[in-house]
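# Structural description and commentary
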Amino acid sequence: MNYQRPAFLFNNHLETIYPAMLRKVDDIAYTRERIATPDNDFIDLDWLKQDRRDLVIISHGLEGNSHRAYVKGMARAVFAQGVDVVAWNFRGCSEEMNRLLRFYHSGATEDLECVVQHALTKGYQNISLIGFSLGGNLTLKYMGERHAHAELRKAVALSVPLHLHSSCLRISQRSNWIYNHRFLTNLKAKVMRKAAAMPGLDVQGIDSIKTLMAFDDRYTAPLHGFAGALDYYTRCSSLYFLEAINLPTLVVNAQNDPFLSEACYPTALLKDHRYVTFEQPVYGGHVGFTQFHKNGLYWSEERALSFLFSE
């Protein structure tokens, strides 16, 4: 399946920004469920149910949530195939602050495992995973780590920063200032709210942080048990978990994705991989793949459905 971008989205920034800002997906109604984590925190799940034994779990991107258009669009598309869907919100991303100093990060597969385990208690017999951007990295890392669940079937990861360090450097380039600024503004606000509610966070000088790597070095890494940003990136980059994946997995990274570094296109590594299919369409932007006249389906949704529901 080849992706052809609409003519008016003539560069990668338009491809990225248009669906993020203007796409509307209003015709689904989630049912929310809150589950407890082993460390006495909580994760909020948003369900679409039709009493099936098959389930798709959707993981959102950095500072996203289950109500982002790309998540709702995918949830609607999957649900229409006759399976149940759960879109989970990372800690602190469901419009309510989580209880602990920690929040979420690119490698927090223990939380995805918590969601999978909860799904298994509901009797689901076939579980597949879909992840976007940071959630795609999380999904791939999980697939490379976990081998115990016979119910796991397939995974799809879209617009994935497979190599976190170089991708962080890429997003901090001047040409990407709008994304860097938006992410940092949201992350700093989250830290400030948490610091006001609980002790243990030093926010002195937080306004001087200008890059995601500096934020990760100051907050993400130490709050989640890493020695620093580089240690965090090295231990959590899904690039280093791909070879261990042993279930059918699709990775799609557009060649013109403004967030992704050269290391996020590991064609040589995956050339002969038995289970991982890597595709790099020329266009698509970051979590873009806009298309029209397909009953509301974006190309990324069509591609995911084709992979998940083919024999």
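Because the structure is a prediction, the values reported are computed rather than measured.

### Let's talk about the packing of helix α5 (residues 164-171) against helix α8 (residues 229-236)
- For the pair α5 and α8, the least separation of the axes is 8 Å and the interaxial angle reads 120°. As far as their axial angle goes, α8 and α5 are oblique. Only Leu230, Tyr233 and Cys236 of α8 make contact with α5, whose side of the interface consists of Leu164, His165 and Cys168.
- Classifying every residue of the contact of α5 with α8 gives five nonpolar, one polar and no charged.

### Re the sheet that holds strand β4 (residues 84-89)
- On the basis of which strands lie adjacent, the open sheet formed by eight strands has the order β1-β2-β4-β3-β5-β6-β7-β8 and mixed pairing. Single-partner strands in this sheet number two, and they are β1 (31-36) and β8 (276-279). On average, each strand axis in the sheet is tilted by 20° relative to the strand beside it, whichever way the strands run.
- Both strand β5 (residues 126-132) and strand β6 (residues 152-158) contribute to a ladder of five bridges, which runs parallel. When the bridges of β6 are listed, leucine 129 appears paired with alanine 155.
- Contacts from helix α10 (residues 299-308) reach β3 (54-59), β5, β6, β7 (249-252) and β8, with the element oriented near 160° to β6.

### Focus on unusual backbone geometry
- Residues other than glycine seldom take positive phi values, yet serine 133 does so here, at roughly 55°.
- One can find serine 133 in the loop between β5 and α4 (134-145).
- Unlike most non-glycine residues, histidine 293 shows phi in positive territory, near 65°.
- Structurally, histidine 293 can be placed in the loop between β8 and α10.
- Of the residues examined, histidine 293 reaches a relative accessible area of 82% and is grouped as exposed.

### Things to note about the packing of aromatic side chains
- Summed over the entire model, instances satisfying the criterion amount to 17 aromatic pairs.
- Their ring planes at 45° and their centres at 5.5 Å tell us that phenylalanine 90 and tyrosine 104 sit as a pair that is tilted. Placement of phenylalanine 90 in the loop between β4 and α3 (109-121) and of tyrosine 104 in the loop between β4 and α3 is noted, with a sequence separation of 14 residues between them. One exposure class covers both phenylalanine 90 and tyrosine 104, and it is buried.
- Site record: aromatic cluster; members linked through ring pairs are Trp88, Phe90, Phe103 and Tyr104.
- A cation sits over an aromatic face here: arginine 34 above phenylalanine 42, 3.8 Å from the ring centre.
- One Lys or Arg, lysine 49, reaches over the ring of tryptophan 47 and ends 4.6 Å from the middle of that ring.

### Focus: a nonpolar patch on the surface
- A surface patch of nonpolar side chains, about 520 Å² in accessible area, is lined by Ile17, Met21, Leu22, Trp177 and Ile178.
- Sorting the residues of the nonpolar patch by element identifies α1 (12-22) and α6 (177-197) as the ones contributing at least two each.
- The dominant element in the nonpolar patch, judged by the number of residues it contributes, is α1, at three residues.
- Structurally, isoleucine 178 can be placed in helix α6.

### Description of the state of the cysteines
- This model, assessed by the stated rule, comprises zero disulfides.
- Here cysteine 114 stays free of any disulfide, with the sulfur of cysteine 93 as its closest cysteine sulfur at 15 Å.
- The thiol sulfur of cysteine 236 is not disulfide-bonded, and the nearest other cysteine sulfur, from cysteine 168, lies at 12 Å.
- Among the residues examined, cysteine 236 registers a relative accessible area of 2% and is labelled buried.

### Digging into the packing of α3 against α4
- Interhelical geometry of α3 versus α4 gives an angle of 75° and a closest axis separation of 9 Å. On the basis of the axis angle, α3 is roughly perpendicular to α4. Counted together, Thr109, Leu112, Glu113 and Val116 of α3 and Leu138, Thr139, Lys141, Tyr142 and Glu145 of α4 form the full contact between these two elements.
- By residue class, the composition of the contact of α3 with α4 is four nonpolar, two polar and three charged.

Cut-offs and rules
The residue numbering used here restarts from 1 in each chain and proceeds along that chain's sequence as written. In keeping with the predicted nature of the model, local features appear solely for residues at pLDDT of at least 70, side-chain atom pairs appear and are counted solely at 80 or more, and the whole-chain, interface and lining totals rest on all residues. As a rule here, side-chain values come from all non-hydrogen atoms in the structure, and water together with hydrogens is ignored. The angle between two axes is taken between their N-to-C directions and runs from 0 to 180 degrees, where each axis is a line fitted to C-alpha atoms and a helix contributes only its stretch in contact. Counting from the N terminus, the helices are DSSP H or I runs at least four residues long and the strands are E runs at least two residues long. Angular relationships are summarised with four words: roughly parallel below 35 degrees, roughly antiparallel beyond 145, roughly perpendicular across 65 to 115, and oblique for the angles in between. Residues count as neighbours in contact if any of their non-hydrogen atoms are within 4.5 Å of one another. Ten residues, namely Ala, Val, Leu, Ile, Met, Phe, Trp, Tyr, Cys and Pro, are considered nonpolar, four, namely Asp, Glu, Lys and Arg, are considered charged, and the remaining ones, Gly among them, are considered polar. Strands pair, by our definition, only if DSSP identifies at least two bridges between them. Burial status follows relative accessibility: with a 1.4 Å probe on protein chains alone, a residue under 20% of its type maximum counts as buried, one over 50% as exposed, and anything between as partly exposed. Aromatic rings from Phe, Tyr and Trp, with only the six-membered ring used for Trp, were paired whenever their centres fell within 6.5 Å, and each pair was classed as stacked if the ring planes differed by under 30 degrees, edge-to-face if by over 60, and tilted otherwise. Placement of a positive charge over a ring is assigned whenever Lys NZ or Arg CZ falls within 6 Å of the ring centre and within 35 degrees of the normal to the ring plane. Patch building starts from residues that exceed 30% relative accessible area and form no salt bridge, then joins like charges within 9 Å and nonpolar side chains (Val, Leu, Ile, Met, Phe, Trp, Tyr) within 5 Å. Each accessible area is a Shrake-Rupley estimate made with a 1.4 Å probe; only the visible protein chains count as cover when residues are assessed. The term salt bridge refers to a side-chain nitrogen of Lys or Arg lying within 4 Å of a carboxyl oxygen of Asp or Glu. A pair of cysteine sulfur atoms is labelled a disulfide when the two atoms are within 2.5 Å.

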